[in-house]
Amino acid sequence: MRFPLLVASVLVAGSLSAHAGTPQQADGIRRSYEADIKAWVLKLHVAGSDAERKKVAEERPDAAAAAKRMWAAIQPNLAEAWVVEPAAWLLKISAGQVTVGENGMAKPLLGDAGVAIRAAVEKHHLASKNLSPMCLALVASPDPSSLALLEKIERGNPDKKVQGVAALGIAMLLKDLSDEPEVMRRRLTMLKKAIIESSDVEVNGVSVAKLAEDELYIIRFLSKGREAPDLTGTDSGGRPMKLSDYRGKTVVLLFWRSEEIGTEELCDMVKKIRARFSGQPFEIVGVNRDPQATLRQLQASGLVDWPNFSDPDGKLTGEYRVGIWPLAYVLDGTRRIHYTGAMGSFVELTAAAVMAEKK
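Keep in mind it's a predicted model, so treat the numbers as computed, not measured.

Reading guide: rules and limits
Each chain has its residues counted from 1, running along the sequence as written. Where local features are concerned, this predicted model is filtered to residues with pLDDT of at least 70; where side-chain atom pairs are given and counted, the filter is 80 or more; whole-chain, interface and lining totals use all residues. Hydrogens and water are ignored here; the side-chain numbers use all heavy atoms of the structure. Every helix listed is a DSSP run of H or I at least four residues long, and every strand listed is a run of E at least two residues long, numbered separately from the N terminus. For each residue, the accessible area found with a 1.4 Å probe, counting protein chains only, is set against the maximum for its type, and the residue is called buried under 20%, exposed over 50%, and partly exposed in between. Residue contacts follow a heavy-atom distance rule, with two residues in contact if any of their heavy atoms lie within 4.5 Å. Only the protein chains shown count as cover for residues, and the accessible areas themselves come from Shrake-Rupley with a 1.4 Å probe. DSSP-based pairing: two strands are paired if at least 2 bridges between them are found. Only the stretch in contact is used when a helix axis is fitted, and all axes are lines through C-alpha atoms; the angle between N-to-C directions ranges over 0 to 180 degrees. Note on scores: pLDDT gives the predictor's confidence for each residue, bounded by 0 and 100. In these notes the angle categories are as follows: under 35 degrees is roughly parallel, over 145 is roughly antiparallel, 65 to 115 is roughly perpendicular, and the rest is oblique. By the definition used in this description, the sense in which the near helix is turned from the far one sets the handedness, with an anticlockwise turn below a right angle giving left-handed and a clockwise turn giving right-handed. Amino acids outside the nonpolar list (Ala, Val, Leu, Ile, Met, Phe, Trp, Tyr, Cys, Pro) and the charged list (Asp, Glu, Lys, Arg) are all regarded as polar, and Gly is one of them. We define the nonpolar core as a collection of buried residues of types Ala, Val, Leu, Ile, Met, Phe, Trp, Tyr and Cys that are connected through side-chain atoms lying within 4.5 Å of one another.

*Asks:* How do you make sense of the overall build of the chain when you look at a structure like this?
*Replies:* The helix and strand inventory of the chain stands at 15 helices and 11 strands. Considering the chain as a whole, with its 359 residues, one finds that 45% of them fall into the buried category. Across the chain, every contact between residues at least 6 apart in sequence was considered, and the portion connecting residues at least 24 apart equals 66%. In the form shown here, the chain has an accessible surface area of approximately 18500 Å², with 55% of it arising from carbon and sulfur atoms.

*Asks:* Teacher, can you tell me more about the sheet that holds strand β11 (residues 337-341) here?
*Replies:* Within a beta sheet, neighbouring strands are joined by backbone hydrogen bonds and run either parallel or antiparallel to one another. The sheet built from five strands is open, its strands ordered β9-β8-β7-β10-β11 with mixed pairing. The two strands at the open ends of the sheet, each matched to only one other strand, are β9 (308-310) and β11. Here the average twist between neighbouring strands, direction ignored, is 15°.

*Asks:* Would you explain the confidence of the model for the chain in this entry?
*Replies:* Detailed reading of the predicted coordinates is not advisable wherever pLDDT falls low. For the chain, per-residue confidence averages 88 on the pLDDT scale, and residues scoring 70 or more make up 90% of the total. Here residues 1-18 is a poorly scored stretch, pLDDT under 50, and it has one contact once near neighbours within four places are set aside; other chains count.

*Asks:* Help me out: how do you make sense of the packing of helix α10 (residues 181-198) against helix α11 (residues 208-221) in this one?
*Replies:* The description of two helices packed together rests on the angle between their axes and the distance between the axes. α11 packs onto α10 with a crossing angle of 160° between their chain directions and a minimal axis gap of 9 Å. Looking at the two axes, α10 sits roughly antiparallel to α11. Note that α10 runs across α11; the crossing there is left-handed. Mapping the contact onto sequence places M184, R187, L188, L191, A194, I195 and S198 in α10 and V208, A212, E215, L216, I218 and I219 in α11. Along the lines of polarity and charge, the residues of the contact of α10 with α11 split into 10 nonpolar, one polar and two charged.

*Asks:* Just checking my understanding: could you explain the nonpolar core for this structure?
*Replies:* Here is a general trend for soluble globular proteins: nonpolar side chains tend to be buried in one another's company. In terms of nonpolar packing, the biggest core is built from 60 residues, with I74, I117, M134, I153 and L168 touching the most fellow members. No other element matches the 10 residues that helix α9 (residues 160-174) contributes to this core. Among all residues touching M134, those that are not within four sequence positions of it are V84, A87, A88, L91, I117 and V121. Counting residues in each nonpolar core, the second largest holds 22 residues, with V252, W256, F277 and V330 among its members.

Now the structure itself:
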C-alpha cells in the first residue's frame, strides 16, 4: 500500500515544481515568443495583398498571453536571484498594454505584477549584479515608482556598472518630467555617471555609451523649446518631401511602424485628430519604418490617409533618436518643440494650445 502513496507524493511534488516555475521554463517562454515575433514580422513584410496583410496582422503573437505565462512562472519565485532577468523581460513586453477593469476603465495589463516585481527588486535584489536589464525595463514601465527604485539602485548597488546603468535610466525618466534648469542639470550629472561607469555595458544589444550619446543629443537638439531638425526624404511613392514644407502649420510629427501593437487604434486616433483640426493650419506627418511597399498597401487600403515619410532603413528615425514606438512631437509653425511623448490626448491638447496661442 506504500507504493500508491509514494507515486502520489511524487506527482504532487512534480506538480508543485511545475507550478513554481524554473529558469529553463522562463527562458523557454521568452525564446518561444521572440521566435514567433520574428516569424510574424517576416510574414507581414512578404504579404502580397491588402487582404493577406490584414489576415497576417490579425495573427500577431499574443504578447499578453506570453506575459501571463511568464508571470505564472516567476511569481512564486520573486525572491530568487534567477528571476531578475525574466522579470525585466516581462516588464518590457507588457509596457503600454492595457486591459479593461470591472469599472470599465483601462488599466495596465499586469499592473499587480509590476507592483510585485518592483517590490521584490527593492526587498531582495538591490545588490544584484544582474540589474542592468531591469534598470532599462523600469524606464519602459509607466509607473511613478520606477524613478524612485532606480534612484535606490543608483545609490545602493555595490556594482559600479549597475549604478551607471541606473543613472542612465534616471536621466531617461527625468526627460519626461520637465525641462527646468535644475532637472536638466541632474540629467546631465546622471548621464556623465553612466558614461564613466558603464559605457561598455550592453543591454538588449545596445551599449550604454550609445544610449547616453542619444540622450545628450536629445538634450541639445530635441528638448522642449528647441527648433526640431528638418527632415528630408521621400514618401511611399518615392516623391521628395521635407518637414520644412509644412512651415507655418502646427505639425504632429509621428514616428510609427505597423508591426507595433495597436496600429489600427493609432490610425483611428490620427484620423480623429485631423478631423478635429480640419480647415486649420495643422497637419500630422508620419515617419514610417515599414518597408515602402507595406506603407503603400496601408495607404491603398484607406487605413492611412495622412502624409508619411517612408523610412525603412531608419535614417530619419535615427536623426530624432527614436527608441520608443510610437512617438509624437508637437511642433509649431517654426518647428519649435512643444511636446514629446506618446500619441494621445496630450498631443491633441498641446496642438490646440499652440494654435490658440498663434491666433
